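Commentary on secondary and tertiary structure
Each chain, written out:
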Amino acid sequence: MNWLYDLWDDFISLLFPRLCYACGIHLVRNESLICTGCYVSIPRTDYHLYADNPVAQLFWGRCLIEKAAAFSYYARGSRIRNLIHKLKYSGIKEIGYELGRIYGSSLKSSGFLSGIDLLIPVPLHPSRKRMRGFNQSEYISAGLSDVTGLPLSTGSLVRTVLTATQTNRSRYERWTNVEGIFRVAEPGQIRGKHVLIVDDVITTGSTIESCVSELLKVEDVKVSVIAIAYAVQ
Ligand SMILES: [Zn+2]
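Here is what the cut-offs are and how they apply
Residues numbered from 1 in each chain as written. Predicted model: local features only at pLDDT ≥ 70, side-chain atom pairs only at ≥ 80, totals over all residues. Heavy atoms only, no water. Helix = DSSP H or I, 4+ residues; strand = E, 2+ residues; numbered from the N terminus. Buried < 20%, exposed > 50% of the residue type's maximum accessible area, 1.4 Å probe, protein only. Phe/Tyr/Trp six-rings, centres within 6.5 Å; stacked < 30°, edge-to-face > 60°. Donors = N, O, S within 2.8 Å, 3.2 Å for Na, K, Ca; no water. Tetrahedral: all angles 85-135°; square planar, octahedral: opposite > 155°, others 65-115°. Pairing = 2+ DSSP bridges. Axes fitted to C-alpha atoms, helices over the stretch in contact; angles between N-to-C directions. Contact = heavy atoms within 4.5 Å.

1. Here we look at unusual backbone geometry
Notably, asparagine 30 is not glycine yet its phi reads approximately 75°, a positive angle. Among the structural elements, asparagine 30 can be located in the loop between helix H1 (2-15) and helix H2 (36-41). For asparagine 30, a relative accessible area of 80% corresponds to the exposed category. Despite not being glycine, leucine 33 shows a phi value in the positive range, around 65°. Since its relative accessible area comes to 18%, leucine 33 is described here as buried.

Spelled out as structure tokens, the structure:
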């Protein structure tokens, strides 16, 4: 009866085509969210394979991090940008989870995660989270946690100041805009640990810098950073 099921499946997808969230083509059976073509051809930075990569360099002289990496490049018209937009603005949370799983597998097999104890998604301010309904970085972290087995903490770092959206600000404004906007709410959860901060897109690194400086106030903490995409300036 499998052929009957397949026939029904094909019929349903004719009526309600499932499309790739990255490129818009029809998904075929066994594909979900992202087509195989996109899965294979999304450009990987491979930054996790070398320590002095451009994302790590972004923090040189600004704050002390152990290591940093990003999965892909955030550029106008890029597939990763389409995916992140669908995640954040259309609320397709599964995309975050899936991207976390994809990147998590590479990070795990490369040894990048050795020594890491805990994942912390960059927190949204409670009122922004209420507006959006969710924090995209939490979904990315959940996917990462799923494939790596690393625990995830969403309450230990909180965002206390609501900043304007970063989209239309100049680089200088963005830089000065995020000082002291986070607070460690549960120092006991991170004391003595090597924490991995998880973000969706890194642009100037100023938000992360603010997270790191707060986390480093807790004794014996080490911090590393990853994001799904790096917006090359
Ligand atoms: Zn595609």
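2. Topic: the packing of aromatic side chains
One pass over the structure, following the stated rule, counts five aromatic pairs. On the numbers, 6.2 Å between centres and 90° between planes, the contact of tyrosine 47 with tyrosine 50 is edge-to-face. Overall, the relative accessible area of 40% leaves tyrosine 50 in the partly exposed class. Taken together, a centroid distance of 6.2 Å and an interplanar angle of 90° make the contact between tyrosine 47 and tyrosine 73 edge-to-face. Note that tyrosine 47 is positioned in the loop between H2 and helix H3 (54-58) and tyrosine 73 in strand E1 (residues 68-73), a separation of 26 residues in sequence.

3. Description of the coordination of the zinc ion
Bound to the zinc ion are the protein donor atoms Cys20 (SG), Cys23 (SG), Cys35 (SG) and Cys38 (SG), situated 2.3 Å from the metal. Around the zinc ion, the four donor atoms sit at angles spanning 105 to 115°, and that spread fits a shape best called tetrahedral. Donor residues binding the zinc ion come from one chain and are separated in sequence as C-x2-C-x11-C-x2-C. With cysteine 20 in the loop between H1 and H2 and cysteine 35 in the loop between H1 and H2, the pair connects residues that are 15 residues apart, well separated along the chain. Assigned by exposure class, cysteine 20 and cysteine 35 land together as buried.

4. What about the sheet that holds E1?
As summarised here, the arrangement of the four strands in space is E1-E6-E5-E2, forming an open sheet in which the pairing is parallel. Because the sheet does not close on itself, it has two edges, and the strands there are E1 and strand E2 (118-121). Direction aside, neighbouring strands of the sheet carry axes that sit 20° apart on average. Relative to strand E6 (residues 222-230), E1 runs parallel, the two being bridged by five bridges. Each bridged residue has a counterpart across the sheet, and for alanine 69 the counterpart in E6 is isoleucine 226. In this fold helix H5 (residues 93-110) packs onto E1 and E6, with an angle of close to 125° to the strand it touches most, E6. In the packing of helix H7 (residues 136-148) onto the sheet, the strands contacted are E2, strand E5 (194-202) and E6, and the crossing angle to E5 comes to about 125°.

Read these as layout, nothing more, since geometry by itself doesn't imply function.
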